Every structure is written in C-alpha cells, then in structure tokens.
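In case you want the letters, here they are:
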Amino acid sequence: MNNPDFHRAIGRLRWRHWLHYALQSLLMAGLVLAVSRAVVVARPAGRAPFTSTLTLVLLAVGALLAGLGLLWLRRRMVPNLRRLAEENLRVYQGRILLQDSLLLLSGLPLLLAYGLVGSLPALGAYVVLMPLLARLTAPSAETYQRWLLQF
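Description of the structure in this document. Everything numeric in this text was worked out from a predicted model, so none of it was measured. (Residues numbered from 1 in each chain as written. Predicted model: local features only at pLDDT ≥ 70, side-chain atom pairs only at ≥ 80, totals over all residues. Heavy atoms only, no water.)

Side note on the overall build of the protein chain
The test is simple: Helix and strand definitions here come from DSSP, where helices need a minimum of 4 consecutive H or I residues and strands a minimum of 2 consecutive E residues; each element is numbered from the N-terminal end. The cut-offs for exposure are 20% and 50% of the maximum accessible area for each residue type, with area from a 1.4 Å probe on protein chains only; residues under the lower value are buried, those over the upper are exposed, and the others partly exposed. Working rule for contacts: check all heavy atoms of both residues, and any pair within 4.5 Å makes them a contact. All accessible areas in this document rest on Shrake-Rupley with a 1.4 Å probe, and a residue is counted as covered only by the protein chains that are shown.
When you go through the protein chain residue by residue, the secondary structure sums to six helices and zero strands. Along the chain direction, N to C, the helices and strands of the protein chain fall in the order α-α-α-α-α-α. Here the protein chain holds 151 residues, and 32% of them are scored as buried. Long-range contacts, defined as pairs at least 24 residues apart, comprise 77% of the intrachain contacts of the protein chain with a sequence gap of at least 6. Carbon together with sulfur atoms contributes 68% to the accessible area of the protein chain, which is approximately 9,800 Å² in total.

Some words on the environment of Leu104
On the secondary structure map, Leu104 appears in helix α3 (residues 85-105). Judged by its relative accessible area of 0%, Leu104 is buried. Along the backbone, Leu104 and Leu133 are 29 residues apart, and their C-alpha atoms lie at a distance of 8.4 Å. Beyond its immediate stretch of four places on either side in the chain, Leu104 contacts His20, Tyr21, Gln24, Ser25, Met28 and Met130.

Describing helix α4 (residues 108-117)
What counts here: What the arc covers is the set of directions going from the helix axis to the C-beta atoms.
Within α4, the full set of buried residues consists of Leu108, Leu111, Gly115 and Leu116. With its buried residues spanning 110° around the axis, α4 presents them on a single face. Among the exposed residues of α4, those pointing more than 90 degrees away from its buried face are Pro109 and Val117. Gly118 lies just past α4 and shows a positive phi near 85°.

A word on the packing of α4 against helix α5 (residues 120-136)
Worth spelling out the cut-off: Every angle, taken between N-to-C directions, lies between 0 and 180 degrees, and every axis is a line fitted to C-alpha atoms, over only the stretch in contact when it is a helix. A clockwise turn of the near helix away from the far one marks a right-handed crossing, whereas an anticlockwise turn of less than a right angle marks a left-handed crossing. Nonpolar residues are Ala, Val, Leu, Ile, Met, Phe, Trp, Tyr, Cys and Pro. Charged residues are Asp, Glu, Lys and Arg, and all others, Gly as well, are polar.
Put simply, α4 and α5 touch, their axes get as near as 8 Å, and they point 145° apart. As for the relative orientation of α4 and α5, their crossing is left-handed in sense. Taken together, the residues of α5 that come into contact with α4 (itself represented by Leu110, Leu111, Ala113 and Tyr114) are Leu120, Ala122, Leu123, Ala125, Tyr126 and Leu129. Of the residues assigned to the contact of α4 with α5, the class counts are ten nonpolar, no polar and no charged.

Next comes the structure, spelled out in structure tokens:
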C-alpha cells in the first residue's frame, strides 16, 4: 500500500476512468443527436417520431444484450494472487473499463428520450447521473484491494 508505483498506477487508472466517462458520454450524445436528426428527416410530415413499438423494443433489447454481454465479461475478470501484481492491475483496469461502459449504457434511455422526444428533464437527469456514477465508481487503492481479496 505504501508503494509509490502502485499509487501512480491507481492515479492513472482514476484519470482514465474520468476520461472514459467524458468521451463515451460525448460519443453517445453525438450518436443520439445524429440518429434523432436522421429520424426527423426520414419520417413523413405529421407522424410522431418512433411511433413503431417494434423499433423501440428492438432498441431496448439491443441495449440490454450489450449490457448483459459486458456484465458477463466483467464477471469473468477475476483476480489471481499467483499472477504478477502488474497483470492483476491490468485485469482490474479492464474490469473497470467494462463496468464504466455498462454503467454508461444506463444513461442511454435518458439520451434517447431527449433526442427523440425533446424531454429536457431526461437531459437534466442524464447530466446529473453521469458525474454521480463516475464519482461513486471511481477506482481507488481500497477498492482494488477489496477486489483482489474477494476471491
């Protein structure tokens, strides 16, 4: 715990964690805005956006399957005390990346609600939810040690 290299590695991991949240949030927002603009251009005048229930169901199932795939991969990334410390730290970093991706997918319905319907409360909830999730799941030396000793 007093190893300076370990604390530098955890600091880099924390920095990447925050960067990942910012970049993936911007990417998802950009994609949702592009899709909503394409839907507005493609739909006939007078029809409400995404009136098709099948389209909404397919979007929800796709997000659910992506989330379940990430969760399955995350659960398979377990520590091994026989590994080198650097390898366990890399596994932990991959696990954090997958966890962040999974948690960021939870904000996708809010972004879609804003992009397709124009719901400002949904956008406000997204803006509050993402930094809150990033803060609550920020990696630290203590969380790494708990993960390392849980198996």
